[in-house]
Amino acid sequence: MNIVIVEDSELISHQLIRLIATQPRIRICGVAGDEEEAVQQILDCRPDAVLLDLALSPGSGVRVLERIREAGCAARVLILSNNTDAALKAACIEQGISGFFDKSADAHLCLEKLFGWLPELPRNEAARLRALQSVHLLDSPEQETFDNLTRLAQELTDAPMALISLIDKDRQWFLSHAGLATRQTSRSVAFCAHAILHSELMEVPDALADPRFNDNPLVIGAPHIRYYAGVPLILPSGEALGTLCILDTQVRQLSERQKQALTTLARGALSEIELRRRVITLEEEIERRQQAEAHVHHLATRDPLTGLVNRVTLRDRLEQQIRQASRQQNPVGLLLIDVDRFKEINDTLGHAVGDDALQTIGERLSGSLRGSDTVARLGGDEFAVILPELADTDEAALVANKLLQAVNEPTRSSEHRLRIDASIGVAVFPEHGDGADALLRHAGLAMVEAKQRGGGRISVFSQRLDDHAEATAALANDLRRALDRNELVLHYQPQANLTGDRLCGVEALVRWQHPHLGIIGPDRFIPMAETRGFIHEIGRQVLNRALAQLAAWDQAQVPVSRISVNISAHELRPCFVESVEAALARHGLTPDRLELEITESALTSDGVDTLALLARLRSLGISIAIDDFGVGYSSLGQLHRLPIDCLKIDKCFVHDIDRSDADAAIVSAVVTMAEALGMHTVVEGVETETQRQKLAELGCDCVQGYLLSRPLTADAIPMWVANFIENHPVAATA
Ligand SMILES: Nc1nc2c(ncn2[C@@H]2O[C@H](COP(=O)(O)O[C@H]3[C@@H](O)[C@H](n4cnc5c(=O)[nH]c(N)nc54)O[C@@H]3COP(=O)(O)O)[C@@H](O)[C@H]2O)c(=O)[nH]1
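Residues numbered from 1 in each chain as written. Predicted model: local features only at pLDDT ≥ 70, side-chain atom pairs only at ≥ 80, totals over all residues. Heavy atoms only, no water.

The protein goes by EAL domain-containing protein in an unreviewed UniProt entry, where it is assigned to Dechloromonas hankyongensis.

This is how it looks when you write it as structure tokens:
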């Protein structure tokens, strides 16, 4: 209900405003302090009710009343006054006021009067409003079906006005309005707001004789309702949406037949509304299902991180493109793109940075290609591209190079500036395969080759790669048997200090004595063993043999103080510590005789808590070395926290150390840092005397490399050690 407050005392006015403002069903649409302002506010707002002070300054409340009535405003008026002057009261009553309120009384009583003008709310009001919204009829255009019903109601009851009224939260809105120009009124003045509280027809034979309506603006003003009969429109679920009603300006009554007819028409209106509601519900259900299907389709076909299509869709599209191209034998290119060293980005900079990087790569790939090309993320750090409009294979390689450059642009993901490299494998239909399977396999082989050649490059498939893959598969088969047939052998490479007067130990290096192919180096079979799950058995055999050999040298009094054994990250399982302890015990060796070498990437491997595991090994007295130090992404800031005794500086820094200031600076920095952290250093791959001298200047502890010795068989070690001691008279083992 909208009200205007007319009161020249600010104190009383504010008191009323504060009180009424807390009531959700009453809205103050204007406040005035004098006559002019009051008339203007009331005629502008056309409120349902006015709280009117009689003693205005300047002006008069009675004048306000007269002026608004003259202007056709029939709002309910509650006079705020403690003036008991009878003449004044009579003048007010003549203007059709609704009551007096003594200003000296409790303001809550005033509120009670206002509430008396509000129709009661149905018990299921919230559900009722929801149901009303669900039929989508409010504020809809005029509809012939409903208009026919109200016209019929008019005719059958001989009434000047017939309505289908929907009772909204604060208003009644006419879905159909025969004989009445207006389309809505406030709910507070609506007869129908009362009718919806009934289960059957509600009749008001004489509105002026009914205390609920005798001061109703629609009764005392236009359209001057005297008679009302309304049938509630109640849904089967119990919510009354509104009514079908007739209005008359005369006091009258309906015959039973007319009431019956009105009820039948109301039923017709309700059926129509119900029908629409079902259609809407059905449409909404269809839309919901379509959205759900679209969502499921999106999930099934798209990669959620990048929004690119996924592996399944890529395959479908590849098959489709090949089908389309096969008639003309037009080339279709497939590029498989794998981000280089992505795991290290993830492990060292965190998954959020990794995700950002993948999104950037996806955007760059899409941004560098035509709309007809397809870009997919296959999972992890692997992407794929289909190029359906190729001139020839060379063009596929050109596009691949362009993509490589695009990916390689430095990124700024959060605070990190990254330069991302990728390896791209290229295969083209029909030259490299006549179906999706063959193309995917061949692009994959080419991609692996690009990676093996150092990454950051493209590789186009050739038959040689397929032959190589077959050979690798055959080798993997042989490796399984090799483990049972004890075909693995160990070679040992000595390590000595830089002044050459102390033997630091030997590193055990595994080889495979293949019955037909001869000696195979670990680089060819360790990665294969890691991916095929043989690495645990290889690791177990290597450790056992290395320790057995050390014990045998002890027996033969060959002075080898310590043996280093390489450990793959895959071996670092919780039971690893116990198996190492057991192996040492089996050969009667103390833990200080063993050094385990792990790579930097193993430190960040998933699954187990590697650092805790290494700390347990170290607490036993086993020495831990980081192998190939400097080529990974070790966080130097974290180094002091690691349970590490030795840094093995990678041979890539040694090769040019006598010529490259940069390499010398790196080695010097690592040595200084290791010293500060209480670690020692071993430099790998020392081949020349010049390199050795340079490393000595830089303060390295130990060297290992061809200069000292190539890896030797176990049998050759006693002789080598004897020679070393002989040639270095002060030599001793540490
Ligand atoms: N998980 C395991 N990994 C192992 C095991 N045995 C070896 N490996 C790893 O395989 C990689 C290759 O090893 P290998 O072919 O034996 O090469 C080693 C040396 O032969 C070579 N080397 C030594 N001195 C020089 C030199 O002066 N120049 C030169 N070009 N190469 C030299 O370096 C390899 C030793 O590397 P590292 O272990 O990093 O000290 C290698 O990564 C091995 O770690 C195993 O049992 N398990």
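Remarks on the confidence of the model for the protein
Operational definition: One confidence number per residue, pLDDT, is output by the predictor and ranges from 0 to 100.
In the predicted model, the protein carries a mean pLDDT of 92, and the fraction of residues at 70 or more is 97%. Confidence metrics for the complex model read pTM 0.54 and ipTM 0.94.

What about the state of the cysteines?
What counts, and what does not: The disulfide definition used here is simple: a pair of cysteine sulfur atoms within 2.5 Å. Only DSSP runs of H or I reaching four residues or more are called helices, and only runs of E reaching two or more are called strands; each is numbered from the N terminus. Only protein chains enter the accessibility calculation, which uses a 1.4 Å probe; a residue whose area is less than 20% of its type maximum is buried, one above 50% is exposed, and one in between is partly exposed.
Applying the stated criterion across every chain yields a total of one disulfide. Two residues, Cys 504 and Cys 702, share a disulfide whose sulfurs are 2.4 Å apart. Here Cys 504 and Cys 702 share a disulfide; its torsion about the S-S bond, -80°, makes the bridge left-handed. With Cys 504 in strand E20 (residues 502-514) and Cys 702 in strand E27 (residues 702-704), this pair connects stretches of sequence that are 198 residues apart. Among the residues examined, Cys 702 registers a relative accessible area of 4% and is labelled buried. Not part of a disulfide, Cys 29 finds its nearest cysteine sulfur in Cys 45, a span of 3.8 Å. Here Cys 29 falls in the partly exposed class, since its relative accessible area comes to 22%.

Digging into the sheet that holds strand E18 (residues 458-460)
Cut-off, in case you're wondering: The pairing criterion for strands is at least two bridges between them, as found by DSSP. Axis definition: a line fitted to C-alpha atoms, over the contacting stretch in the case of helices. Angles run 0 to 180 degrees between N-to-C directions. A contact between two residues is defined here by any heavy atoms of the two lying within 4.5 Å.
In spatial order, the strands read E13-E14-E12-E17-E18; together these five strands make up an open sheet with mixed pairing. Only two strands of the sheet have a single partner each, and these edge strands are strand E13 (374-379) and E18. Strand-to-strand twist of the sheet, defined as the mean angle between neighbouring strand axes without regard to direction, takes the value 20°. Summarising the sheet, strand E12 (residues 332-339) and strand E17 (residues 422-429) pair through eight bridges and their orientation is antiparallel. Pairing of Gly 333 across the sheet is with Val 428, part of E17. Against the sheet, helix H15 (residues 436-452) engages E12, strand E14 (382-387), E17 and E18, with an angle of about 150° to E17.

Some details on unusual backbone geometry
Omega for the bond connecting Ser 57 with Pro 58 falls within 30 degrees of zero, at 0°, which places this linkage in the cis form. Within the secondary structure, Pro 58 sits in the loop between strand E3 (49-53) and helix H3 (61-70). At the junction of Phe 429 and Pro 430, the peptide bond is cis and its omega measures out at 0° in the coordinates. One non-glycine residue with positive phi stands out, namely Asp 139, at about 60°. With respect to the helices and strands, Asp 139 occurs in the loop between helix H6 (125-134) and helix H7 (144-157). Of note, Gln 557 is a non-glycine position whose phi angle comes to about 55°, a positive value. Judged by relative accessible area, Gln 557 falls into the exposed class, the value being 70%.

A word on the pattern of salt bridges
Keep this limit in mind: Salt bridges are defined as contacts in which a side-chain nitrogen from Lys or Arg sits within 4 Å of a carboxyl oxygen from Asp or Glu.
Across all of its chains, the model carries 45 salt bridges by this definition. Two residues, Glu 389 and Arg 370, come together in a salt bridge whose shortest N-O distance is 3.3 Å. Of this pair, Glu 389 sits in the loop between E14 and helix H14 (393-408) while Arg 370 sits in the loop between helix H13 (351-367) and E13, and the two are 19 residues apart along the sequence. Across the salt bridge formed by Asp 554 and Arg 593, the nearest N and O atoms sit 2.8 Å from each other. With Asp 554 in helix H18 (residues 535-555) and Arg 593 in the loop between helix H19 (576-586) and strand E23 (594-599), this pair connects stretches of sequence that are 39 residues apart. Judged by relative accessible area, Arg 593 falls into the buried class, the value being 15%.

What to know about the packing of H18 against H19
What counts, and what does not: An angle counts as roughly parallel when it lies under 35 degrees, as roughly antiparallel when it exceeds 145, as roughly perpendicular when it falls between 65 and 115, and as oblique in every other case. The hand of a helix crossing depends on one turn: near helix anticlockwise from the far one by less than a right angle means left-handed, and clockwise means right-handed. We call Asp, Glu, Lys and Arg charged. Ala, Val, Leu, Ile, Met, Phe, Trp, Tyr, Cys and Pro are nonpolar, and the rest, Gly among them, are polar.
At their nearest, the axes of H18 and H19 sit 9 Å apart, and the two run at 30° to each other. In terms of orientation, H18 and H19 fall into the roughly parallel class. Crossing geometry of H18 relative to H19 is assigned as right-handed. Counted together, Leu 543, Asn 544 and Leu 547 of H18 and Val 580, Ala 583, Leu 584 and Arg 586 of H19 form the full contact between these two elements. Looking at the contact of H18 with H19, its residues break down into five nonpolar, one polar and one charged.

Considerations on helix H21 (residues 610-620)
Put simply, the rule reads: What the arc measures is the spread of directions leading from the helix axis to the C-beta atoms.
For H21, the set of buried residues is Thr 610, Leu 613, Leu 614 and Leu 617. The buried residues of H21 all sit within an arc of 95° when viewed along its axis, so they share a single face. Packing partners of the buried residues in H21 comprise H19, E23, helix H20 (600-603) and strand E24 (623-629).

Considerations on the pairing of strand E7 (residues 171-178)
When you tally the buried positions in E7, you get eight out of eight residues, the bulk of the element. Bridging between strand E6 (residues 161-167) and E7 involves six bridges; their strand directions are antiparallel. Bridge assignment links Ile 164 to a residue of E7, and that residue is Ser 176. From the end of E6 to the start of E7, which pair antiparallel, there are three residues. In this structure, the hairpin formed by E7 and strand E8 (residues 184-186) is closed by a connection of five residues, where Gly 179 is found at a positive phi of approximately 85°.

Observations concerning the environment of Ile 5
Note on placement: Ile 5 falls in strand E1 (residues 2-6). Given a relative accessible area of 0%, Ile 5 falls into the buried group.

Concerning the site of the ligand
Here is the rule we go by: Nearness here has a simple test: a residue counts as near a molecule or strand if at least one of its heavy atoms is within 4 Å of that partner. We define a polar contact as two N or O atoms separated by no more than 3.5 Å, with the added condition that, inside protein, one atom must be a possible hydrogen donor and the other a possible acceptor, whereas residues neighbouring each other in sequence contribute only through side-chain atom pairs. The accessible surface values rely on the Shrake-Rupley method and a 1.4 Å probe; as for residues, cover is taken only from the protein chains in view.
The immediate surroundings of the ligand are formed by 23 residues, with Glu 507, Arg 511, Asp 627, Asp 628 and Glu 687 found nearest. Measuring from an oxygen atom of the ligand, one finds a side-chain N or O atom of Asp 628 at 2.8 Å. Here an oxygen atom of the ligand and a side-chain polar atom of Glu 684 are 3.2 Å apart. Surface burial for the ligand is 84%, taken as the share of its 820 Å² of free accessible area covered by protein chains. Broken down by secondary-structure element, the contributors of at least two residues to the shell around the ligand are E20, helix H17 (522-532) and E24. Classifying every residue of the shell around the ligand by side-chain character gives eight nonpolar, five polar and ten charged.

Quick notes on the sheet that holds E7
Strands pair in a sheet through their backbones, by hydrogen bonds, and they do so in one of two ways: parallel or antiparallel. The strand order across the open sheet formed by six strands is E8-E7-E6-E11-E10-E9, and the pairing between neighbours is antiparallel. Each edge of the sheet is formed by a strand with only one pairing partner; in this case those strands are E8 and strand E9 (202-204). Strand after strand, the sheet turns through a mean of 25° between neighbouring axes, direction not considered. Summarising the sheet, strand E10 (residues 227-234) and strand E11 (residues 240-248) pair through eight bridges and their orientation is antiparallel. Residue pairing across strands places Tyr 228 opposite Leu 247, the latter belonging to E11. The sheet strands contacting H7 are E6, E7 and E11, and the helix crosses E7 at an angle near 75°.

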